[in-house]
Amino acid sequence: MIDFRSDTVTKPSSEMLDAMLATPLGDDVYKDDPSVNAFEQKMATLSGFEAALIMPSGTQSNLCALLAHCGRGEEYIVGQDYHTYIYEAGGAAVLGSVVPQPIRVKKNGELSIDDIRSVIKPYDQHFAKSKLISLENTHNGKAIELDYFKRVRSLANENGLIVHLDGARIFNAITELNIELKQICQYVDSISICFSKGLGAPIGSVLCGDREFIERAKQIRKMAGGGMRQAGLLAGAMDYALEHNVKRLQNDHDNALLLATKLSNIEQFTVEHQTNMVHIDVDSSINQELLAKLLAAEGIKVSPGGRLRLVTHLDIAKADVIYASETIKDIIEMMLEAQK
Ligand SMILES: *Cc1c(COP(=O)(O)O)cnc(C)c1O
């Protein structure tokens, strides 16, 4: 199967599995896992923060970040389409009584500086206390420029706010922008990074920030049931991903561009591409459910409904992209023919 649904579907390669098996282990709750300790140190150095903490998922990582930064009745400003608002089951509100203040996301994936400023609340008995701005990069595949983070940082400083970055796909962003991780991290107080997406680890995220913040996040991680024992297995996978799979992300971006270019010849498609994602507005003359079904029969998996999203990743080769785009073209023609 050529699976375009997401980069989360990537499976650990046999080399990654070998690396995991060769990783020395200990009990990480006792701080005894040498591989976790070494990997957390490596991520701290790479991001330019004092400390890092491995996490079972990006959702738990963002949750621990929001709860470590904000108390009950404090507020985080967030894009209404951002993961930390809409796709985390309201965790910060449910578990931490942290109040979300969602705002509109611009087409380029940013929150407008003016929009952020307009919802920052002055001290007043009526209001929740504005505490944090939660950003995302990439957002829907869109890489957000370094300069934007600089501008948000200065707004945050003017207003005494913390900035958290959900950098689930930050390595796609820095590949696209051709910058280093540290350059973005200098403008935020914490970052959460996923290794189980385009980087190909089976499980694992990392939260980075200053030492005190990471200590608080660690206690919240324990509370959330995320204290893991021989977690070096995951550190082994993530370290392998860092060493081998970051430098190949450009392949995924090139494949997404190739896919977008080929599919843009289809009249019923309006195609957009950035980093490893292709978004397609499909004309209503095409039944997406049927399209998905017919594609599955040809070995191509997509999620129908709304805007069609195709994601490239390390389990999709250039030849797969060529085969898929030709197959999609043929099936669309067949569907239109059948309507006549
Ligand atoms: C995938 C993702 C996460 C974390 O998801 P998990 O499945 O919990 O690891 C967070 N933010 C964004 C933008 C994501 O795409």
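A quick note: this is a predicted structure, and the numbers were derived from the prediction, not measured.

Reading the values: the criteria
- Residues numbered from 1 in each chain as written.
- Predicted model: local features only at pLDDT ≥ 70, side-chain atom pairs only at ≥ 80, totals over all residues.
- Heavy atoms only, no water.
- Helix = DSSP H or I, 4+ residues; strand = E, 2+ residues; numbered from the N terminus.
- Rg over C-alpha atoms; globule rule 2.2 N^0.38 Å.
- Buried < 20%, exposed > 50% of the residue type's maximum accessible area, 1.4 Å probe, protein only.
- Contact = heavy atoms within 4.5 Å.
- Areas by Shrake-Rupley, 256 points an atom, 1.4 Å probe, with all protein chains shown as cover.
- Lys, Arg positive; Asp, Glu negative; His and termini not counted.
- Charge placed at Lys NZ, Arg CZ, Asp CG, Glu CD.
- Near = heavy atom within 4 Å.
- Polar contact = N/O pair within 3.5 Å; in protein donor to acceptor, adjacent residues only side chain to side chain.
- Nonpolar A, V, L, I, M, F, W, Y, C, P; charged D, E, K, R; others polar.
- Salt bridge = Lys/Arg side-chain N within 4 Å of Asp/Glu carboxyl O.
- Phe/Tyr/Trp six-rings, centres within 6.5 Å; stacked < 30°, edge-to-face > 60°.
- Domains from an automatic or database assignment.
- Buried area = accessible area lost by both parts, 1.4 Å probe.

(A) View of the overall build of the protein. Along its length, the protein carries 14 helices and 12 strands. Taken over C-alpha atoms, the radius of gyration comes to 21 Å for the protein, in line with the 20 Å a tight globule of 340 residues would show. By principal-axis analysis of the C-alpha atoms, the protein measures approximately 65 × 55 × 35 Å. Within the span of the protein, comprising 340 residues, buried residues form 53% of the whole. Contacts spanning at least 24 positions in sequence make up 74% of the contacts within the protein whose residues lie at least 6 apart. Roughly 15300 Å² of accessible area belongs to the protein as shown, and the carbon and sulfur atoms make up 50% of that amount. Averaged over its 35 positive side-chain charges, the protein has a centre that lies 3 Å from the centre of its 45 negative ones.

(B) View of the site of the ligand. Surveying the vicinity of the ligand reveals the residues Ser57, Gly58, Thr59, Asn62, His83, Glu88, Glu136, Asp166, Ala168, Arg169, Cys194 and Lys197. Thr59 is positioned such that a nitrogen or oxygen atom in its side chain is 2.6 Å from an oxygen atom of the ligand. For the ligand, an oxygen atom lies 3.1 Å from a polar atom in the side chain of Arg169. Expressed as a share of its isolated accessible area of 380 Å², the protein-covered part of the ligand is 80%. The dominant element in the shell around the ligand, judged by the number of residues it contributes, is helix α3 (residues 58-69), at 3 residues. For the shell around the ligand, the per-class residue count stands at 2 nonpolar, 5 polar and 5 charged.

(C) Molecular detail of the environment of Val29. Relative to the elements of secondary structure, Val29 occurs in the loop between α1 (14-21) and α2 (34-47). Note: C-alpha distance between Val29 and Met228 (199 residues apart in sequence) is 6.4 Å. Apart from the residues lying within four places of it in its own chain, the contact partners of Val29 are Lys222, Gly227, Met228 and Arg229.

(D) Representation of the pattern of salt bridges in the model. Tallying each qualifying case throughout the model produces 19 salt bridges. Members of the salt-bridge network, linked through shared partners, are Lys107, Glu272, Asp281 and Arg307.

(E) Quick look at unusual backbone geometry. Cis geometry marks the peptide bond from Asn137 to Thr138; its omega dihedral reads -5 degrees. Positionally, Thr138 belongs in the loop between β5 (129-136) and α7 (146-159). With a phi close to 50 degrees, Ser97 is a non-glycine residue in the positive phi region. Ser97 sits in the partly exposed class, given a relative accessible area of 28%.

(F) Quick look at the packing of aromatic side chains. Summed over all chains, the structure comprises 3 aromatic pairs. For the pair Phe39 and Phe195, a centre-to-centre distance of 5.6 Å together with 75 degrees between the ring planes defines the contact as edge-to-face. Placement of Phe39 in helix α2 and of Phe195 in the loop between β7 (190-194) and β8 (205-209) is noted, with a sequence separation of 156 residues between them. Take Phe39 and Phe195: they sit in the same class, and that class is buried. One aromatic cluster is present, built from ring pairs that chain together Phe39, Phe171 and Phe195.

(G) Quick peek at the domain arrangement of the protein. Along its sequence, the protein is carved into domain 1 (7-244) and domain 2 (249-339). Taking the mean C-alpha position of each, domain 1 and domain 2 sit 30 Å from one another. Between domain 1 and domain 2, the residue contacts involve 18 residues of the former and 15 residues of the latter. Around 1400 Å² of area is buried between domain 1 and domain 2 when both sides are counted, 52% of it from carbon and sulfur atoms.

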